[in-house]
Amino acid sequence: QVQLVESGGGLVQPGGSLRLSCAASGSIFRIQTMGWYRQAPGKQRELVADITSGGTTIYQDSVKGRFTISRDNAENTVYLQMNSLKPEDTAVYSCNSVLQETSGSIYRNYWGQGTQVTVSA
């Protein structure tokens, strides 16, 4: 069974920084992508950033230049460094991974439980 466990959320003032971590564990053969999504109250879930096993990254336009996604392939861990945080970044941030559990299995989508990020004075 695959688990994604997030950490690092919390309350921060505007302009501050937070670092989120997400570790994947369990039966994992190959991870294709790892990324972060967020959902604010009353809004749809949206992609924040994503990174492939080769290091190719995608960012939502609103976080470009402020957020940095990185990945430790050996530890099956993805990080999201969030700088210059704004109140509109407030949301539940969820880790996502597309991976194979065994060499013969299809790629499947897995989610973490989510961590709250609140940006407020």
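Residues numbered from 1 in each chain as written. Predicted model: local features only at pLDDT ≥ 70, side-chain atom pairs only at ≥ 80, totals over all residues. Heavy atoms only, no water.

(A) Representation of the state of the cysteines within the structure. For the structure shown, the criterion picks out 1 disulfide. Note that C22 is cross-linked by a disulfide to C95, the S-S spacing being 2.1 Å. One disulfide, between C22 and C95, carries an S-S torsion of -80° and so falls in the left-handed class. Of this pair, C22 sits in strand β3 (residues 18-25) while C95 sits in strand β9 (residues 91-100), and the two are 73 residues apart along the sequence. For the residue pair C22 and C95, the accessibility class agrees, reading buried in each case. (Disulfide = S-S within 2.5 Å. Helix = DSSP H or I, 4+ residues; strand = E, 2+ residues; numbered from the N terminus. Buried < 20%, exposed > 50% of the residue type's maximum accessible area, 1.4 Å probe, protein only.)

(B) Structural context of unusual backbone geometry. Located in the positive-phi region is N76, a residue other than glycine, with phi close to 50°. Within the secondary structure, N76 sits in the loop between β7 (67-72) and β8 (77-82). The class of N76 is partly exposed, set by a relative accessible area of 23%. Backbone geometry at S84 places phi at a positive 50°, although glycine is not the residue there. Within the element layout of this structure, S84 appears in the loop between β8 and β9. By relative accessible area, which is 40% here, S84 ends up partly exposed.

(C) Representation of the nonpolar core. In terms of nonpolar packing, the biggest core is built from 28 residues, with W36, V48, F67, V78, L80, M82 and Y93 touching the most fellow members. Those elements that provide at least two residues to this core are β3, β4 (30-39), β5 (46-52), β7, β8, β9 and β11 (115-119). (Core = buried A, V, L, I, M, F, W, Y, C linked by side-chain atoms within 4.5 Å.)

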